[in-house]
Amino acid sequence: MAPRNGRKLTAAVIGTGFSGICAAIKLEKELGINPQLFEISEDVGGTWHANTYPGAECDIPSHLYSLSFELNDTWTKHYSAQAEIYAYLRRVAKKYNLYEKTKFETEIVHAEWKEQQQQWLLQWRNTKNHQETGSGYYDILFAGLGPLRVPNIPSEFAKFQGPIVHTTQWDSTLDYSNKRIAVIGSGATAVQAIPELRKVASHVYSFQRTPAWISPRDQFTYPSLLKFVFRWLPFLMRLYRIFLYLQHEMYYVSFGYHNSFLARRIQAGMTKIVAWRLKRAGRPDLIPVLTPDYPLGCKRIAKSELYLEALAKPNVTVIKSGVSDIKERTLMDKDGNAHEVDILVLATGFDVQGFTGNLDIYGRNRMLLDQKWRKDFPKTYKTVTVHGYPNFFMLLGPSAALGHNSVVTQIEIQVDYAIKCLKHMVRNNLAALEPKESAQELFSKNLQKDFNGTVWKGGCRSWYMNDAGEIYGLWKGPIMSFYWALRSPNFNDFIEYKKMPRVHL
Ligand code: NAP
């Protein structure tokens, strides 16, 4: 694409998970921009590099949970384990030479839009020695930080006088065998970890304030013949992906509106399945404990064919409460029972509020994004751009995740939108683009309105929701509506910055 002031545009991409990888590939493919990637850890993969707890898998089928331009005929199972998804992302990163474009073990500590230069100034430091290691100016900034990155470590657990492990910072050097392990939390992570931990532990105490809805999972291994067919007839693999996509879109239709006839029927069916599974496992007494009292889908539905069965085993105790107190290695439950354990596992999810973690992003007039987004509803324009932050593209930030389908598709739609904005900028010889405040206000207002009546506001608490009870983590509808909203930018909704004479840095 055309150069800017006689030079090529420069772009920084923070993060090398699905978001960063997708953005970097498309920047190069579509705009000829050779991006600089920054990665806090020592390898690519983002969430699929970080989360190595036992049982870590993806509950969205891999033929759907992958990049549409990098289909993979070798997926071994319908739902892949962490290691296979991580290997896939490493392969893609290698194929597109992203390793050589990435500064690893490098944390961006400060990003600031410099109005004079019309560029982003980034400052970074090495994550090992915490020394400031560099800074640089970039025309474009993509943030692929991942909303589920900063572990939520509730302060009350600090009193525990033994090893404490958060699932996203799994300590594989610890010996878990024959230990008494307490697992706090019952979200999608705990649902995957408990069946594996139970196999090695002498006893697992599962503290559940709020049980999750558990749906049986249709896990299977792909036969070699099918992999062969996918390899040589890739259009069949694409058709299969479309089928999976449509199947998952139907989940939105099924439970998106919990008061609908269909949603109520499905919830009644799911209640029976939970009861049947626990009876079959010989623990009908757990039925009232493990049947949620909030609508199906309000929190993420966890898919597992192992979890309820694991909770029914003799070496697992389900405690339907949080922890009321901790004395040395003894956890007190709300009924006053004491449980002495050796290891405390926190499957307590993530601190999503603010969405940018400890990264300070300053826009025009030195507005700190984290401060704006922590205080009020995190407003964006079409989930990708933000008023006050020119040439800034947020991936899988506020209002962009899903509770029913693959977020990888969301990421691709967001990246395509950003690329269209950038093409417009280059074509019109602009220095920068930023959404108008009025457009952002209207978008955010409609977004909130459209959540009314949906299951996500159905009376539970989840990471999708901020303290004010607004849904800030999710897109409001099916992927199709996301695609439609972002299919083509309306440039009347943007402030266009003309180029200023170049400032020599
Ligand atoms: P989560 O869904 O936010 O669940 C956190 C759990 O910790 C909840 O059960 C919560 O209880 C409990 N908790 C938090 N603070 C607590 C405290 N102080 N005392 C007692 N309990 C406490 O977190 P997650 O399970 O890690 O899942 C987060 C998200 O990651 C999922 O929604 C999903 O998007 C993603 N994920 C995806 C997959 C996949 O297969 N694709 C797998 C794992 C995770 P309350 O509910 O009572 O607050």
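Residues numbered from 1 in each chain as written. Predicted model: local features only at pLDDT ≥ 70, side-chain atom pairs only at ≥ 80, totals over all residues. Heavy atoms only, no water.

### Focus on the domain arrangement of the chain
As a reminder of what qualifies: Delimitation of the domains relies on an automatic or database domain assignment. What makes two residues a contact is simply this: any of their non-hydrogen atoms within 4.5 Å. Two parts placed together each lose some accessible area under a 1.4 Å probe, and adding up what both lose gives the buried area. Salt bridges are defined as contacts in which a side-chain nitrogen from Lys or Arg sits within 4 Å of a carboxyl oxygen from Asp or Glu. Distance and chemistry together define a polar contact, namely a pair of N or O atoms within 3.5 Å, with one atom able to donate a hydrogen and the other to accept it when in protein, and with adjacent residues in sequence counting only for side-chain atoms on both sides.
On domain assignment, one finds that the chain holds domain 1 (11–150 + 351–498) and domain 2 (155–213 + 259–294 + 299–346). Using only C-alpha atoms to locate each centre, domain 1 and domain 2 end up separated by 32 Å. At the junction of the two partners, domain 1 supplies 17 residues and domain 2 supplies 13 residues. When domain 1 packs against domain 2, the two sides together hide about 1400 Å² of surface, and 47% of this comes from carbon and sulfur. Three residues, Tyr-53, Pro-54 and Asp-59, lead the burial of domain 1 against domain 2; their summed loss comes to 42% of the area buried on that side. For the pair domain 1 and domain 2, the number of links is one salt bridge. Salt-bridge contacts for Arg-300 lead to Asp-59; the nearest nitrogen and oxygen are separated by 2.5 Å. Taken together, domain 1 and domain 2 are joined by six residue pairs in polar contact (both at pLDDT 80 or more).

### Concerning the sheet that holds strand S8 (residues 164–166)
Quick note on the threshold: Following DSSP output, two strands are said to pair if at least two bridges run between them. Only DSSP runs of H or I covering at least 4 residues are called helices, and only runs of E covering at least 2 are called strands; the numbering of each starts at the N terminus. Note on definitions: angles span 0 to 180 degrees between N-to-C directions of axes, and those axes are lines fitted to C-alpha atoms, for helices only across the stretch in contact.
Here five strands make up an open sheet; going across it, the order is S8-S17-S9-S10-S13 and the pairing parallel. At either end of the open sheet lies a strand with only one pairing partner, and these are S8 and strand S13 (316–319). Neighbour to neighbour, the strand axes of the sheet diverge by 20° on average, direction disregarded. Taken together, the four bridges between strand S10 (residues 203–207) and S13 define a ladder with parallel strand orientation.

### A word on the site of the ligand
Using the following cut-off: Being near a molecule or strand, for a residue, means having at least one of its heavy atoms within 4 Å of it. For the accessible areas, the method is Shrake-Rupley and the probe is 1.4 Å, while residue cover comes only from the protein chains on display. Lys, Arg, Asp and Glu make up the charged group, whereas Ala, Val, Leu, Ile, Met, Phe, Trp, Tyr, Cys and Pro make up the nonpolar group; the residues left over, Gly among them, are polar.
Around the ligand lies a shell of 25 residues, among which Asp-59, Thr-189, Thr-210, Lys-299 and Trp-463 are the nearest. Measuring from an oxygen atom of the ligand, one finds a side-chain N or O atom of Lys-299 at 2.6 Å. With the chains in place, 84% of the 910 Å² that the ligand exposes on its own is no longer accessible. The dominant element in the shell around the ligand, judged by the number of residues it contributes, is helix H4 (residues 188–200), at three residues. Here the residues of the shell around the ligand are counted per class, giving ten nonpolar, nine polar and six charged. Of the domains in this structure, domain 1 (11–150 + 351–498) and domain 2 (155–213 + 259–294 + 299–346) are the two that each give at least three residues to the shell around the ligand.

### Here's the deal with the nonpolar core
For clarity, the threshold we go by: As used here, the term nonpolar core means buried Ala, Val, Leu, Ile, Met, Phe, Trp, Tyr and Cys residues forming a set that is joined through side-chain atoms within 4.5 Å. Burial here depends on accessible area, computed with a 1.4 Å probe over protein chains only, as a share of the maximum for the residue type. Under 20% is buried, over 50% is exposed, and the range in between is partly exposed.
If you look at the biggest cluster of nonpolar residues, it comprises 110 residues, and the most contacted ones within it are Phe-18, Leu-122, Phe-142 and Phe-392. Both domain 1 (11–150 + 351–498) and domain 2 (155–213 + 259–294 + 299–346) contribute no fewer than three residues apiece to this core. With 31 residues, the next largest nonpolar core counts Ala-56, Ala-193, Val-318 and Ala-347 among its residues.

### What about the state of the cysteines?
Short version of the rule: Cysteine sulfur atoms are paired as a disulfide whenever they come within 2.5 Å of each other.
Taken as a whole and judged by the stated rule, the model has one disulfide. The side chain of Cys-298 participates in a disulfide bridge whose partner is Cys-460; the two sulfur atoms lie 2.1 Å from each other. Its torsion about the S-S bond being -95°, the disulfide of Cys-298 and Cys-460 is classed as left-handed. Remark: Cys-460 occurs in the loop between helix H12 (437–451) and helix H13 (479–486) and Cys-298 occurs in the loop between helix H8 (287–290) and strand S12 (302–303); sequence separation between them is 162 residues. Of the two residues, Cys-298 and Cys-460, both sit in the buried class.

### Some remarks on the packing of aromatic side chains
Just so we agree on the cut-off: Between 30 and 60 degrees the pair is tilted, below 30 it is stacked and above 60 it is edge-to-face, where a pair is any two Phe, Tyr or Trp rings, Trp via its six-membered ring, whose centres lie within 6.5 Å. Charge-over-ring contacts are defined here by two conditions on Lys NZ or Arg CZ: a distance within 6 Å of the ring centre and an angle within 35 degrees of the ring normal.
Per the counting criterion, the structure on display carries 27 aromatic pairs. Aromatic side chains Phe-38 and Trp-124 sit 4.8 Å apart centroid to centroid with 45° between the ring planes, which places their arrangement in the tilted category. Here the residue Phe-38 occupies a position in strand S2 (residues 36–38), and Trp-124 occupies one in strand S5 (residues 119–126), the gap between them amounting to 86 residues. For the residue pair Phe-38 and Trp-124, the accessibility class agrees, reading buried in each case. An aromatic cluster of at least three residues, connected via ring pairs, comprises Tyr-381, Phe-443, Trp-475, Phe-482, Phe-491 and Phe-494. It is Arg-366 that lies over the ring of Tyr-362; its NZ or CZ is 4.3 Å from the centre.

### Some details on the sheet that holds strand S1 (residues 11–14)
Adjacent strands of a sheet pair through backbone hydrogen bonds, lying either parallel or antiparallel. Spatially, five strands are ordered S3-S2-S1-S7-S19 in an open sheet, and the strand pairing comes out parallel. Looking at the sheet topology across the chains shown, the edges are occupied by strand S3 (102–103) and strand S19 (392–394). When S2 meets S3, the two strands line up parallel, connected through two bridges. The partner of Phe-38 across the bridge, within S3, is Lys-103. Together, S1, S2 and strand S7 (140–143) form the strand contacts of helix H1 (residues 18–31), whose direction differs from that of S1 by roughly 160°.

### Examining the pattern of salt bridges
Applying the stated criterion to the full structure yields 25 salt bridges. Ionic pairing is found between Glu-70 and Lys-95, a salt bridge with its closest N-O pair at 2.6 Å. Linking Glu-70 in the loop between helix H2 (47–50) and helix H3 (82–95) with Lys-95 in helix H3, this pair joins segments that are 25 residues apart in sequence. With a relative accessible area of 54%, Lys-95 lands in the exposed category. Of the charged contacts in the structure, one is a salt bridge between Lys-476 and Asp-450, with a shortest N-O distance of 2.7 Å. Here the residue Lys-476 occupies a position in the loop between H12 and H13, and Asp-450 occupies one in helix H12, the gap between them amounting to 26 residues. A network of salt bridges, in which partner residues are shared, links Lys-26, Glu-412 and Asp-416.

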